[in-house]
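Now for the letters of each chain:
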Amino acid sequence: MQGQRIVLASRPGPSGPGVENFHLEAFSPSPAKEGEVLLETLFLSLDPYMRARMYDGGNYKASVGIGEVMIGGTVSRVLESREASLAVGDIVESRHGWQTHATVPGSGLRKIDPDLAPISTALGVLGMPGQTGYGGMLRYGMPKPGETVLVSAASGGVGSVAAQVARIKGARVVGIAGGAAKCSWLTEELGLVAAVDHRAENFAENLAAVCPDGIDVYFDNVGGEIFADTIPLLNAGARIPICGTISVDRHQPSPLGRDRMYDLHATILVKQLTLNGFIFDNLLDMTHAFRRDMVQWIASGEVKYREDVVSGLDAAPSAFLGLFRGENFGKLIVRVAGV
Ligand SMILES: NC(=O)c1ccc[n+]([C@@H]2O[C@H](COP(=O)([O-])OP(=O)(O)OC[C@H]3O[C@@H](n4cnc5c(N)ncnc54)[C@H](OP(=O)(O)O)[C@@H]3O)[C@@H](O)[C@H]2O)c1
């Protein structure tokens, strides 16, 4: 059997990651040994955190080594099993990265029930991004009825869940997204009270206009200039779950001046703000509650989701780079098999 995989060929240069940093190669998947399964990748998740792992130094976890397979979550089918709890044909969630096949220990894999929801949702609304939005909003945002909650990258995998969870809790939710189509989806489909296009002129004024009572919770997925624009609008006691910094490649020189730091520091004190950086691993104790609530909310139509599915493993590098230009509309997933 021949497989394909994408390895990290080189570290990004001064202009950030590019397609030249990836290399597609053929390989022969090994047969399963005792306790292992041979998997065929059906869907691969592409996520912003992968950018930092391309550099030396990584982020809160180690970098991908040169010549190593790019990391990533997958939904896969068992082709061969030598692990008692898994049978040929089972669908599982795995983390074997950008490759068509993988031979891995069977014990750490989560079986997915295809009758519960489309299996690709295990990478999005019912997976890591969904749980990050759900847990981050409930644990650190703590939205209350009538409060104004602002969410950036609000049409994406994390943001769309964070925004809808706050709406379900009775908050007045405003989303930030790039472009008219994403903004319309936020108000018309997800029921947000307003959406502000961060690519339009006068973004800061437009944001202030739809937050007349200030901002009580800012669920920050992007950092950078948008974060700076929210500072004057934050109410006393505002909570700011800091989930992501997609607008800033922190391995490149920062485009922002230090004066913003002084402004932020003073605002934290004067308005007694609570900023919480958090990562998915901090939310693992919420897994049961997350799956219970989300399955129910999807079934009742209270939570809607959108996936952006591209076809073929070879499409992964350019689709991944598009995340940083807002080219995806919804959770970005690669359909690896059956294309
Ligand atoms: N803390 C954690 O454990 C954790 C876990 C998962 C994800 N995250 C973070 O959560 C954020 C969202 O992740 P996701 O998986 O849901 O991705 P996503 O929102 O589905 O896709 C990324 C989106 O970010 C927006 N974006 C890109 N560059 C931007 C810029 N310069 N300024 C403003 N917006 C920009 C784009 O949307 P627009 O077209 O709307 O600009 C793009 O579609 C990321 O920062 C990610 O790193 C954190």
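Basis of the calculations
- Residues numbered from 1 in each chain as written.
- Predicted model: local features only at pLDDT ≥ 70, side-chain atom pairs only at ≥ 80, totals over all residues.
- Heavy atoms only, no water.
- Helix = DSSP H or I, 4+ residues; strand = E, 2+ residues; numbered from the N terminus.
- Rg over C-alpha atoms; globule rule 2.2 N^0.38 Å.
- Buried < 20%, exposed > 50% of the residue type's maximum accessible area, 1.4 Å probe, protein only.
- Contact = heavy atoms within 4.5 Å.
- Areas by Shrake-Rupley, 256 points an atom, 1.4 Å probe, with all protein chains shown as cover.
- Lys, Arg positive; Asp, Glu negative; His and termini not counted.
- Charge placed at Lys NZ, Arg CZ, Asp CG, Glu CD.
- 1 Å grid on protein atoms, 1.4 Å probe; cavity = no way out; pocket = protein on both sides within 12 Å on 5 of 7 lines; lining within 4 Å.
- Points joined across faces, edges and corners; volume = space filled by probe spheres on them.
- Domains from an automatic or database assignment.
- Near = heavy atom within 4 Å.
- Polar contact = N/O pair within 3.5 Å; in protein donor to acceptor, adjacent residues only side chain to side chain.
- Nonpolar A, V, L, I, M, F, W, Y, C, P; charged D, E, K, R; others polar.
- Axes fitted to C-alpha atoms, helices over the stretch in contact; angles between N-to-C directions.
- Parallel < 35°, antiparallel > 145°, perpendicular 65-115°, else oblique.
- Arc of directions from axis to C-beta.
- Left-handed = near helix turned anticlockwise from the far one by under 90°.
- Pairing = 2+ DSSP bridges.

Caption draft 1: Representation of the overall build of the protein. In terms of helices and strands, the protein carries nine helices and 15 strands. Taken over the C-alpha trace, the protein has a radius of gyration of 21 Å; the compact-globule value for 339 residues is 20 Å, and the two agree within 12%. Oriented by its inertia axes, the alpha-carbon framework of the protein measures out at about 60 × 45 × 35 Å. Burial status across the protein gives 53% buried among its 339 residues. Taking contacts inside the protein between residues at least 6 apart in sequence as the whole, the part at least 24 apart equals 68%. As displayed, the protein has an accessible area near 14,800 Å², and 53% of this comes from carbon and sulfur atoms. Where the 30 positive side-chain charges of the protein centre and where its 36 negative ones centre are 3 Å apart.

Caption draft 2: Molecular detail of empty space enclosed by the protein. Enumeration according to the criterion identifies one cavity of 30 Å³ or more in this entry. Taken as a whole, the largest cavity spans an internal volume of roughly 50 Å³. As for the largest cavity, its lining consists of Gly-124, Val-125, Gly-156, Gly-157, Ser-160, Val-161, Tyr-305, Arg-306, Glu-307 and Lys-331. It is helix α3 (residues 157-168) that contributes the most residues to the lining of the largest cavity, three residues altogether. Looking at which domains feed residues into the lining of the largest cavity, each of domain 1 (3-124 + 305-335) and domain 2 (129-281) supplies at least three.

Caption draft 3: Highlighting the site of the ligand. Lys-182, His-198, Asn-221, Phe-280 and Asn-328 are the nearest of the 28 residues found near the ligand. Interatomic distance of 3.1 Å between a backbone N/O atom of Gly-157 and an oxygen atom of the ligand. Note that an oxygen atom of the ligand is positioned 2.5 Å from one of the side-chain N or O atoms of His-198. Calculation on the ligand without its partners gives an accessible area of 910 Å², and the protein chains cover 91% of this total. At the level of secondary structure, the elements contributing two or more residues to the shell around the ligand comprise α2 (128-141) and α3. For the shell around the ligand, the class distribution of residues is 14 nonpolar, 12 polar and two charged. Residue contributions to the shell around the ligand reach at least three from each of two domains, namely domain 1 (3-124 + 305-335) and domain 2 (129-281).

Caption draft 4: Molecular detail of the packing of α2 against helix α8 (residues 287-300). With their axes 10 Å apart at the nearest point, α2 and α8 run at an angle of 100° to one another. On the basis of their axis angle, the class for α2 and α8 is roughly perpendicular. On α8, the residues touching Gly-130, Gln-131 and Tyr-134 of α2 are Thr-287, Ala-289, Phe-290, Asp-293, Met-294 and Trp-297. Its residues placed into classes, the contact of α2 with α8 shows five nonpolar, three polar and one charged.

Caption draft 5: Structural detail: helix α4 (residues 180-189). Taken together, the buried positions of α4 are Lys-182, Cys-183, Trp-185 and Leu-186. Relative to the axis of α4, the buried residues are bounded by an arc of 160° and lie together on one face. Every exposed residue of α4 that faces more than 90 degrees away from the buried side is listed here: Ala-180, Ala-181 and Glu-188. On its buried face, α4 sits against α3, β9 (172-177) and β10 (194-197).

Caption draft 6: Spotlight on the packing of α2 against α3. Where α2 contacts α3, the axes come no closer than 7 Å and their chain directions differ by 40°. Taken together, the axis directions place α2 and α3 in an arrangement best described as oblique. Relative to α3, the crossing made by α2 is right-handed. Touching Pro-129, Gly-130, Thr-132, Gly-133, Tyr-134, Met-137 and Leu-138 of α2 are Gly-157, Val-158, Val-161, Ala-162, Val-165 and Ala-166, all from α3. Broken down by class, the residue content of the contact of α2 with α3 amounts to nine nonpolar, four polar and no charged.

Caption draft 7: Inspection of the sheet that holds strand β8 (residues 148-151) at higher detail. A sheet is described by the order of its strands in space; here six strands give the open sequence β10-β9-β8-β11-β12-β13, paired in parallel fashion. Edge positions in the open sheet fall to β10 and β13 (274-277), since each of these has one partner strand only. Pairs of neighbouring strands in the sheet enclose a mean axial angle of 15°, with direction left out of account. Pairing of β9 with β10, which is carried by four bridges, proceeds in the parallel orientation. Bridging from a neighbouring strand, Ala-177 pairs with Asp-197 of β10. With respect to the sheet, α2 is in contact with β8, β11 (215-219), β12 (234-242) and β13, its orientation differing from that of β11 by roughly 145°.

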